[in-house]
Each structure stands twice: as C-alpha cells, then as structure tokens.
Amino acid sequence: MRHTLQTIARYAAIALALQCILTSVGHAQGFANDPGKTGPVMLNLKVGGAFGLNASVNQFALQLDAGFAVDRARRAYIVVPIQFQFSAGTTIIMIPVGFQYDFPLPVKGLYIYPRAMLGYAPIVGTGGGVVHAGVFAPEVGIKYVLNQRWNFGFEPFSLPVLFNQGGTLVFYRFLFYAGVNLP
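Residues numbered from 1 in each chain as written. Predicted model: local features only at pLDDT ≥ 70, side-chain atom pairs only at ≥ 80, totals over all residues. Heavy atoms only, no water.

### Regarding the nonpolar core
Then step 1. In terms of nonpolar packing, the biggest core is built from 11 residues, these being A50, A61, I92, M94, A121, I123, A133, V135, L162, F171 and L175.
Then step 2. Among the secondary structure elements, those contributing two or more residues to this core are β4 (90-101), β6 (110-125), β7 (130-146) and β10 (167-182).
Then step 3. Discounting chain neighbours no more than four positions away, the residues touching I123 are T90, T91, I92, G129, V130, V131, A133 and L162.
Then step 4. By size, the runner-up hydrophobic cluster in this structure holds six residues, among which are M42, A69, Y77 and M117. (Core = buried A, V, L, I, M, F, W, Y, C linked by side-chain atoms within 4.5 Å. Buried < 20%, exposed > 50% of the residue type's maximum accessible area, 1.4 Å probe, protein only. Helix = DSSP H or I, 4+ residues; strand = E, 2+ residues; numbered from the N terminus. Contact = heavy atoms within 4.5 Å.)

Shown next as structure tokens:
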C-alpha cells in the first residue's frame, strides 16, 4: 500500500508541475485571447490503445467523456469520463471525476490541456469475478475546436494507475477523439 501511495504521489506531482509550466508559458506568450467555445458542456468519444506497463496486458480503450466548464472563459472543466478497457478475459471500468484546463495555443481554436482524475475501477473477469480498485490518471492532450463547437483531439499521454491492497496496475494509453461543445 505504501508503494501505491508513493506511485500516486509521484504522478500527481508530475501532473501538477506540468500544469504550472503550461500556465506560465501560456500567460507569458499572451495566448489568452482565444475564441472560446460555444457553451459550457463538453462531450467527447475517445478510442485508443492501453498497454500494461507492469503487466503484459494490452487492451482496447473506449471513453465517454463529459465535462462542465466552471469558469467564464470555458477553459476550466470538471470532467466525468466513464472509461472502459477491453481485452480477452478482462474488462476494466473506470468511473473517475477530475479536472481539466485548456490552455490556448497561438493557432486559433487549438488548445493543450493537462487533466487529472481520481475514482473507482471495478475489474471484471470472464467468470464474473470482480476486483475492486481505485484509479488515478494524469493525462495531457491537445485538441482543436472547429467553429467553437466541434472537438477533435489526441491524448498522447494518459497513465491510469489502478490500485488496491493487492498492488498497482499501470497502463500507458493514447487516445484519439471527436466531440461537441453544447450551450
């Protein structure tokens, strides 16, 4: 359990440092005059691969991503991404809650974002057995918002860490997605 907490703390520190760096770069470059988004609700469908870093498990990843902007500029989001990872014999369901901040880049409609999530993750085996775990996931992605409404993006860094008394299971994921911003 101590190793699990150290791993989570390490990834949280990395995510926080990355967010601080991105915040200072964005403000220093003066990219704050972005066009914004149509509305406060963000919905995305993400697909990609998940590769076990400490176990030889490779899975297909599917994510239904919902977010609600909590600031007027529509850059800070509370996110609830329901996530699934499938492989022969195992399905992992992740139900986290997290925070995402969109930093505008010099190209109109282009954003880079860090996000961090924490939640519950049942791991379901073929026999119906369930292993209960927690999940912490730091992520970094880039998205393009077309006409302030349509999202197209890529998350080259997603690192879900599943943990319980039995230890940790760490995945590296990359995800592609499309979605919409609603009023």
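### A few points about the pairing of strand β2 (residues 58-69)
Then step 1. Side chains of β2 alternate between two faces, with Q59, A61, Q63, D65, G67 and A69 buried and N58, F60, L62, L64, A66 and F68 left unburied.
Then step 2. As paired strands, strand β1 (residues 41-52) and β2 are joined by 11 bridges and run antiparallel to one another. When the sheet's bridge partners are listed, L43 is paired in β2 with A66.
Then step 3. Counting the residues in the hairpin turn of β1 and β2 gives five residues.
Then step 4. Of the strand pairs in this sheet, β2 and strand β3 (residues 76-87) are connected by 10 bridges, and their pairing is antiparallel. Each residue of the ladder has a partner; that of L64, found in β3, is I82.
Then step 5. Here β2 folds back onto β3 in antiparallel fashion, the turn holding six residues, of which R74 has a positive phi close to 60°. (Pairing = 2+ DSSP bridges.)

### Remarks on unusual backbone geometry
Then step 1. The phi torsion at R74 lies on the positive side, around 60°, for a residue other than glycine.
Then step 2. Along the chain, R74 turns up in the loop between β2 and β3.
Then step 3. By relative accessible area, R74 is classed as partly exposed at 27%.

### Overview of a nonpolar patch on the surface
Then step 1. Taken together, the side chains of L45, V47, F60, L64, F86 and F176 make up a nonpolar region of the molecular surface, amounting to roughly 530 Å² of accessible area.
Then step 2. Elements with a contribution of two residues or more to the nonpolar patch: β1 and β2.
Then step 3. For F176, the position within the fold is in strand β10.
Then step 4. Accessibility expressed as a relative area gives 46% for F176, which makes it partly exposed. (Patch = residues over 30% accessible without salt bridge, like charges linked within 9 Å, V, L, I, M, F, W, Y side chains within 5 Å. Areas by Shrake-Rupley, 256 points an atom, 1.4 Å probe, with all protein chains shown as cover. Salt bridge = Lys/Arg side-chain N within 4 Å of Asp/Glu carboxyl O.)

### A few points about the pattern of salt bridges
Then step 1. Counted according to the given criterion, the structure contains eight salt bridges.
Then step 2. Two residues, D65 and K46, come together in a salt bridge whose shortest N-O distance is 3.5 Å. Taken together, the residues D65 in strand β2 and K46 in strand β1 connect sequence positions 19 residues apart. Comparing D65 with K46 shows no difference in burial state: the two are buried.
Then step 3. Of the charged contacts, one joins R115 and E139 as a salt bridge, the two residues approaching to 3.2 Å between their closest N and O atoms. Linking R115 in strand β6 with E139 in strand β7, this pair joins segments that are 24 residues apart in sequence. Like E139, R115 is buried.
Then step 4. What you see here is one network of salt bridges that share partners, running through K46, D65, R115, E139, E155 and R173.

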